[in-house]
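Descriptive structure summary
So the chains spell out like this:
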Amino acid sequence: MAKALDKPSLYNTDYVAWLQEQAAHLRAGRISALDVENLADELESLMKSERRQLGNRLEVLILHLLKWDHQPDQRANRWRATVAEQRRRIRRLLLDSPSLKQEIEPICRAVYPDAVQGAAIESQLSETAFPAMLPYTVEQIFERKLPAEELPDQRPTRKKRS
């Protein structure tokens, strides 16, 4: 055992080689050869990363819904595109990790203050201009339509010549 403590861990010296080694041990059924502690840490880190990604995407999505609702004269197709993109990416994430579905509502509530802060900065409105609590249901966050007909008319008006 003393030799193992003296030898630097492959985990600390070559991460990719360590991952390959751990995968090989698992596939060969060499459970006792696994670096259990570091492997468990990496698995927990992967879970946190998936949750973080979901939270980041929900924050951006909610931020754009807030801007849409609180700046009707500034609405833009790029906001609609961002909402569609975030919804698409969240759906893909949930296809890979369906157990995250149960975390959507609490994550939405958790990221809402940051979405408000971002929307306030981008819109130059006060944070108090936005609801204190999340104003959307999960269904609204994912299904609400942002019709192009609600965009402000961007075309300059020209007078007809007489």
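Here, the structure is the one placed above.
Quick caveat, the model's predicted, so the values are computed rather than measured. (Residues numbered from 1 in each chain as written. Predicted model: local features only at pLDDT ≥ 70, side-chain atom pairs only at ≥ 80, totals over all residues. Heavy atoms only, no water.)

Examining unusual backbone geometry
- Despite not being glycine, Gln124 shows a phi value in the positive range, around 65 degrees.
- Classification of Gln124 as exposed rests on a relative accessible area of 74%. (Buried < 20%, exposed > 50% of the residue type's maximum accessible area, 1.4 Å probe, protein only.)

Observations regarding the environment of Val60
- Relative to the helices and strands, Val60 is located in helix 4 (residues 36-70).
- Residue Val60 is classed as partly exposed on the basis of its relative accessible area of 30%.
- Sequence separation of Val60 and Gly118 is 58 residues, and the distance between their C-alpha atoms is 8.7 Å.
- Non-local contacts of Val60, meaning those with residues more than four positions away in its chain, are made with Thr82 and Gln86. (Helix = DSSP H or I, 4+ residues; strand = E, 2+ residues; numbered from the N terminus. Contact = heavy atoms within 4.5 Å.)

Structural notes on helix 3 (residues 15-28)
- The end-to-end C-alpha separation of helix 3 is 20 Å, in line with the 20 Å expected for 14 residues at 1.5 Å each.
- Taken as a whole, helix 3 has its buried residues at Trp18, Gln22 and His25. Relative to the axis of helix 3, the buried residues are bounded by an arc of 60 degrees and lie together on one face. For helix 3, the exposed residues lying more than 90 degrees away from the buried face are Val16, Gln20 and Arg27.
- Lining the buried residues of helix 3 we find helix 2 (10-13) and helix 4.
- Positioned one or two residues after helix 3, Gly29 has a phi angle of 75 degrees, which is positive. (Expected span 1.5 Å × (residues − 1). Arc of directions from axis to C-beta.)

A word on the packing of aromatic side chains
- Taken as a whole and assessed by the stated rule, the structure comprises 3 aromatic pairs.
- Their ring planes at 70 degrees and their centres at 6.0 Å tell us that Tyr11 and Tyr15 sit as a pair that is edge-to-face.
- According to the relative accessible area criterion, Tyr15 is partly exposed, its value standing at 35%.
- Considering the side-chain rings of Tyr11 and Trp18, the 4.7 Å spacing of their centres and the 75 degrees angle between planes classify their relative orientation as edge-to-face.
- Within the aromatic cluster, the residues linked to one another by ring pairs are Tyr11, Tyr15 and Trp18. (Phe/Tyr/Trp six-rings, centres within 6.5 Å; stacked < 30°, edge-to-face > 60°.)

Overview of a nonpolar patch on the surface
- Taken together, Tyr15, Val16 and Leu19 make up a surface patch of nonpolar side chains, about 250 Å² in accessible area.
- With respect to the secondary-structure elements, Val16 resides in helix 3. (Patch = residues over 30% accessible without salt bridge, like charges linked within 9 Å, V, L, I, M, F, W, Y side chains within 5 Å. Areas by Shrake-Rupley, 256 points an atom, 1.4 Å probe, with all protein chains shown as cover. Salt bridge = Lys/Arg side-chain N within 4 Å of Asp/Glu carboxyl O.)

Observations concerning the packing of helix 4 against helix 5 (residues 77-96)
- Here helix 4 crosses helix 5 at 155 degrees, and the two axes come no closer than 9 Å. Judged by the angle between their axes, helix 4 and helix 5 are roughly antiparallel. The handedness of the crossing between helix 4 and helix 5 is left-handed. Judged by residue contacts, Glu50, Gln53, Leu54, Arg57, Leu58, Val60, Leu61, His64, Leu65, Lys67 and Trp68 of helix 4 engage Trp79, Arg80, Thr82, Val83, Gln86, Arg87, Arg89, Ile90 and Leu93 from helix 5.
- Taken together, the residues of the contact of helix 4 with helix 5 sort by class into 10 nonpolar, 4 polar and 6 charged. (Axes fitted to C-alpha atoms, helices over the stretch in contact; angles between N-to-C directions. Parallel < 35°, antiparallel > 145°, perpendicular 65-115°, else oblique. Left-handed = near helix turned anticlockwise from the far one by under 90°. Nonpolar A, V, L, I, M, F, W, Y, C, P; charged D, E, K, R; others polar.)

Quick word on helix 6 (residues 104-123)
- By the largest-angle criterion, Val111 marks the main kink of helix 6, which is about 40 degrees, and a proline, Pro113, follows within four residues.
- Listing the buried residues of helix 6 in full gives Ile104, Ile107, Cys108, Val111, Tyr112, Ala115, Val116, Gly118, Ala119, Ala120 and Ser123.
- Packed against the buried residues of helix 6 are helix 4, helix 5 and helix 7 (138-143).
- Where helix 6 ends, the next residue or the one after it, Gln124, has phi of about 65 degrees, a positive value. (Bend = angle between axes of the 7 residues up to and from the residue.)

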